[in-house]
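Here is how the chains run, residue by residue.
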Amino acid sequence: MIKKKGEIQRRRIIVYYVLAIVLPCLILGILAFRGIKNDQALVEREQRRDLLEAGQQIIEETDTYLSSIENSLADLIDTATIPQEIIFNNSLLSRFSAQYQAVAGIFFISGGGVPSLLNNGLLYIPDHLLTVSHGAVSRSRHFTWERGWQFEFRKKDYQKALEYYQGILPNVTGAQSRGEILNAIARIQKKLKLDDEALETYDLIWNDYPHVFIQNKIPLGAVALVEKSLLHMERKDTIPALKTIHLLISQMQIPVWELGYSHYANFLSNIEEIIFRCERSTEEETICWLQRIWSSKDSLSLSEKHTEYLLAFLGNSDVILDDIEPGGGRNNCRRYKTSINGRSYLFSILAGNEYEQWGLIMDPGHLLNDTIRPLILNIAEQSNFCWEVTGLNGELLLKSAFIPEDTPPVYVMFPANLPSWTLTIYPGDSGLFVSLFRRGEGLFFYIFVAILIILAAGLFFTLQTVNHELHLSRMKSYFMSTVSHEFKSPLTSIRQMAEMLVRGRVPSPERQQKYYTTILQQSERLSHLIDNILDFSKMEEGQKTFRFERAKITAVVKDMVESFQKLTADEGFQISLDISEPLPDMVFDREAMEQVIHNLIDNACKYSDESRTIDVHLYPKGSRIVISVRDHGIGIRKEDQDKIFSRFYRAGEELSQTVKGSGIGLTIVKQIVEAHHGEVTVESSPGKGSIFNVILPGSQK
Ligand code: ADP
């Protein structure tokens, strides 16, 4: 019945717990989740706006940079209106190109509408753009040298040809003619196998007439260097040949000549042939020179690409002209994008007039690496983001060292007047708050798990408490029923005997005496029981007071043992008392101590089973006094020995059925002993009996 009631109560508490704690917790959790999600969305929106602003800033600064280049070119043109031919080698323009790395070239569109490139960074120019006037041989000159030609090419009389040219040389003035004659002399010396002389002549040409052009604008300096290196190779003088080649490459690279493409290609094939002939050499110095030549050739190839790039642009002048809309003031500048052979070009046309228009070719690669990259890095550091730049077809051009995988980026497209790039910006790790919530559901999952764990722990402890309380209430009910029984039996016998005595149904005086004694004993028992209950309730409420006095405990123990001896004599108990003197005095509450000794001897009698011997021993132990009560009864199991001092606890279910008791006797013993600063111990083994020791402090005089 009690159990069933307890179960219902437990279920009710769980329902309350779920309704009052779990449900509100879950609802709050869901609301918090939604709130945090909203917060997160707000943070993300703000972050996206910041990133877009940063992207716009990058675009604006790129635009400003390009505008600054365009403006400086406009200023330059204003200050130096120089004819196109001069501008080609103009140091102002060279410096301009050097200052702005992103500038691949400058071009000029004359009134005729054909753009020409004004840039001295070209390795070569297409043959058809070469101006032949430099190399044109005048009629009179041609006539004068015809005899030399006759000797050399018709009669093949090299000696005479050589003498002829050497003869006219002192009378010839002008670098062009002298250069041409010296070239003829060196050529014939080579044919006559006068190698030393030929080398000397080429040295002379290289030193004095390197910028003289022969025939179709072939620079004499380059011819001299090529011929010199070939001569050295024939004489197997590898090192001088390679040195000459190195010099030639470096001259081509500067470049000092306006080379046509076929001449450039011709010189290059000569260079490659000499390199090929030396390549198998194992000589250290040769290898060393070869390495220097190779590295110069590498940079020459780079310049070649640059040249191709510019020439492709120039070669498609119709594309440019189609795009260009003439007009506008000086400060108006238009930018155009075009793609030639898969390469993208960005060019600006400075507004001019119908006779002249100037333009700039930007190298997008340079612009990207040397301008945009540092710009983005700088802004990315301030705004903390990761980024990448992609081309028109989504090809990756540049990116930051780290790109997060699971963060949605912001895309910023470059406007029409800039290269067709897209800047993709990923939010960087912006502090604990954002990074925590970026993990998203994962975090909330952990929060929910934590809430569930807390709720489970709460449920566990609530159940523990409920169980404990239920156990106590069960014990209390049990206590009430056993106590009622305890009261009932002495009261019944007192009543019966008193009735018989009152009605005069007990005639013999001995029998009457026996009845009186029994009534006395039972009422004493009742009074002890009541004392126990009163003491217990006082102790529970913390209101028990003691009247301590200094005395010998011996008398109290003796009285109690004697009283029990008399009481239990009929039941056949033999209670022995052994007192070991001397015993110190004690400060104690007499009534409380009587209660302790009574409870212990009473228990010893109750749980003696068949045995009838109880030994009480009073002895000193150091400065302390031990009251020991020993029985030979049922004993106590090990696991119960600690519990028997708890309130209402009765060891063994079957025992409680047979032996009457309330489960508070030992609780009172323990509390009284502890109030006397002592302790109670128990030694017991089931079936053999138990010894209860009350150890109390003695009092020094
Ligand atoms: P009770 O009124 O049940 O005797 P107590 O508090 O005095 O209550 O004792 C608690 C329990 O300890 C008893 O129910 C009994 O199981 C056990 N106990 C106490 N004294 C003895 C003893 N001398 N021998 C065996 N068991 C004992």
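A quick note: this is a predicted structure, and the numbers were derived from the prediction, not measured. (Residues numbered from 1 in each chain as written. Predicted model: local features only at pLDDT ≥ 70, side-chain atom pairs only at ≥ 80, totals over all residues. Heavy atoms only, no water.)

Chemist: Got a minute to help me understand the overall build of the chain in this structure?
Modeler: Looking only at helices and strands, the chain features 21 helices and 18 strands. Taken over 701 residues, the chain has a buried fraction of 43%. (Helix = DSSP H or I, 4+ residues; strand = E, 2+ residues; numbered from the N terminus. Buried < 20%, exposed > 50% of the residue type's maximum accessible area, 1.4 Å probe, protein only.)

Chemist: What exactly am I supposed to notice about the packing of helix α8 (residues 195–208) against helix α9 (residues 220–234) here?
Modeler: When two helices pack together, their arrangement is given by the angle between their axes and by how far apart the axes lie. Running from amino to carboxyl end, α8 crosses α9 at an angle of 155°, the nearest separation of the two axes being 9 Å. Between α8 and α9, the angle falls in the class roughly antiparallel. Classified by chirality, the crossing of α9 by α8 is left-handed. Facing Asp195, Ala198, Leu199, Tyr202, Asp203, Ile205 and Trp206 of α8, the residues of α9 in contact are Leu220, Gly221, Ala224, Leu225, Glu227, Lys228, Leu231 and His232. Across the contact of α8 with α9, the residue classes break down as nine nonpolar, two polar and four charged. (Axes fitted to C-alpha atoms, helices over the stretch in contact; angles between N-to-C directions. Parallel < 35°, antiparallel > 145°, perpendicular 65-115°, else oblique. Left-handed = near helix turned anticlockwise from the far one by under 90°. Contact = heavy atoms within 4.5 Å. Nonpolar A, V, L, I, M, F, W, Y, C, P; charged D, E, K, R; others polar.)

Chemist: What exactly am I supposed to notice about helix α21 (residues 665–675) here?
Modeler: Counting along an α-helix, one turn takes 3.6 residues, and residues three or four places apart therefore face a common direction. Taken together, the buried positions of α21 are Gly665, Leu666, Thr667, Ile668, Val669, Ile672 and Val673. Packing partners of the buried residues in α21 comprise α17 (509–541), α19 (590–606), β17 (679–685) and β18 (689–697). Backbone geometry just downstream of α21 places His677 in the positive-phi region, at approximately 65°.

Chemist: I tried to follow unusual backbone geometry on my own but got confused; where do I start?
Modeler: Leave glycine aside and you will find that most residues have negative phi; peptide bonds, for their part, are mostly trans. Cis rather than trans, the peptide bond between Glu581 and Pro582 has omega equal to -5°. Tracing the backbone shows Pro582 in the loop between β13 (574–579) and β14 (586–588). Positive phi, normally seen in glycine, also occurs at Lys236, with a value near 60°. For Lys236, the position within the fold is in the loop between α9 and α10 (238–253). Positioned with a positive phi, Phe648 is a non-glycine residue whose angle comes to about 65°. Examined against the element boundaries, Phe648 turns out to sit in the loop between β16 (624–631) and α20 (653–658). Here Phe648 falls in the buried class, since its relative accessible area comes to 4%.

Chemist: How should I be thinking about the packing of aromatic side chains in this particular structure?
Modeler: Where two aromatic rings form a pair, the distance of their centres and the angle of their planes describe that pair. Per the stated rule, a full pass over the model turns up ten aromatic pairs. Here the aromatic rings of Tyr65 and Tyr100 are separated by 6.4 Å at their centres, their planes lie at 70°, and the arrangement is edge-to-face. Taken together, the positions of Tyr65 in helix α1 (residues 2–79) and Tyr100 in the loop between α3 (91–99) and β1 (103–110) put the pair 35 residues apart, joining distant regions of the chain. Judged by relative accessible area, Tyr100 falls into the buried class, the value being 12%. Here the aromatic rings of Tyr124 and Tyr264 are separated by 4.8 Å at their centres, their planes lie at 40°, and the arrangement is tilted. Of this pair, Tyr124 sits in the loop between β2 (115–117) and α4 (139–144) while Tyr264 sits in helix α11 (residues 261–278), and the two are 140 residues apart along the sequence. Classification of Tyr124 as buried rests on a relative accessible area of 7%. Look at Tyr264 and you get buried, because its relative accessible area is 2%. Here the aromatic cluster, defined as three or more aromatic residues joined through ring pairs, consists of Tyr124, Tyr261 and Tyr264. (Phe/Tyr/Trp six-rings, centres within 6.5 Å; stacked < 30°, edge-to-face > 60°.)

Chemist: Looking at this model, I keep getting lost on the sheet that holds β16. Mind explaining?
Modeler: The strands that make up a sheet are held in pairs by hydrogen bonds between backbone atoms, and each pair lies either parallel or antiparallel. Taken in spatial order, the five strands make up an open sheet running β13-β15-β16-β18-β17, and their pairing is mixed. Only two strands of the sheet have a single partner each, and these edge strands are β13 and β17. Sheet twist, expressed as the average angle between the axes of neighbouring strands with direction ignored, equals 15°. Across the sheet, helix α18 (residues 554–568) is in contact with β13, β15 (613–621) and β16; its angle to β13 comes to roughly 165°. Helix-sheet contacts for α19 involve β13, β15, β16 and β18, and the interaxial angle to β16 is about 25°. (Pairing = 2+ DSSP bridges.)

Chemist: Looking at this structure, I do not really get the site of the ligand. What am I missing?
Modeler: Around the ligand, 21 residues are found, and the nearest of them are Asn603, Tyr607, Arg650, Ser662 and Leu666. One of the side-chain nitrogen or oxygen atoms of Asn603 is found 2.8 Å away from an oxygen atom of the ligand. Interatomic distance of 3.1 Å between a backbone N/O atom of Gly665 and an oxygen atom of the ligand. Taking 520 Å² as the accessible area of the ligand by itself, protein coverage stands at 98%. When contributions to the shell around the ligand are tallied by element, the ones reaching two or more residues are α19, α21 and β18. Looking at the shell around the ligand residue by residue, the classes come out as eleven nonpolar, seven polar and three charged. (Near = heavy atom within 4 Å. Polar contact = N/O pair within 3.5 Å; in protein donor to acceptor, adjacent residues only side chain to side chain. Areas by Shrake-Rupley, 256 points an atom, 1.4 Å probe, with all protein chains shown as cover.)

Chemist: I'm lost on the sheet that holds strand β8 (residues 385–390) in this one. Help?
Modeler: Here four strands make up an open sheet; going across it, the order is β9-β8-β11-β10 and the pairing antiparallel. Each edge of the open sheet is held by one strand with a lone partner, namely β9 (396–399) and β10 (410–413). Across this sheet, the average inter-strand angle for adjacent strands is 20°, counted without regard to direction. Strands β8, β9 and β11 (422–427) of the sheet are contacted by helix α14 (residues 364–383), whose axis makes an angle of about 155° with β8.

Chemist: Help me understand α19 in this model?
Modeler: The end-to-end C-alpha distance of α19, which contains 17 residues, comes to 24 Å, matching closely the 24 Å that a straight helix rising 1.5 Å per residue would cover. Of all 17 residues that make up α19, twelve are buried, and the element is covered over most of its length. Looking at α19, one finds that the buried residues are Ala592, Met593, Gln595, Val596, Ile597, His598, Asn599, Leu600, Ile601, Asn603, Ala604 and Cys605. Looking at where α19 begins, the residue whose side-chain oxygen comes 3.1 Å from the main-chain nitrogen of Glu591 is Asp589. (Expected span 1.5 Å × (residues − 1).)

Chemist: Sorry, what's going on with the side chain of His676 here?
Modeler: Here His676 is to be found in the loop between α21 and β17. The exposure class of His676 is buried, given its relative accessible area of 4%. Only 2.8 Å separates the side chain of His676 from the backbone oxygen of Ile672, close enough to count as a polar contact. Among residues more than four places away in sequence, those in contact with His676 are Phe546, Phe548, Val587, Phe588, Asp589, Ala592, Met593, Leu696 and Pro697.

Chemist: Would you explain the pairing of β9 in this entry?
Modeler: Side-chain direction in a regular strand flips from residue to residue, so the side chains alternate between the two faces of the sheet. By the bridge criterion, three bridges tie β8 to β9 in an arrangement that is antiparallel. Directly across from Glu388, in β9, lies its bridge partner Lys399. A loop of five residues connects β8 with β9, the two strands running antiparallel in sequence, and Gly394 in this loop sits at a positive phi of about 85°.

Chemist: What exactly am I supposed to notice about the confidence of the model for the chain here?
Modeler: Residues of the chain with pLDDT of at least 70 account for 86%, and the chain-wide mean is 82. The least confident element of the chain is helix α2 (residues 84–87), whose mean pLDDT is 45; the most confident is β16, at 96. Counting interchain partners and residues more than four positions distant, the pLDDT-below-50 stretch residues 83–89 has eleven contacts. Across residues 132–139, where pLDDT falls below 50, the model places nine contacts with residues more than four positions away in sequence or in other chains. (pLDDT = per-residue confidence, 0-100.)

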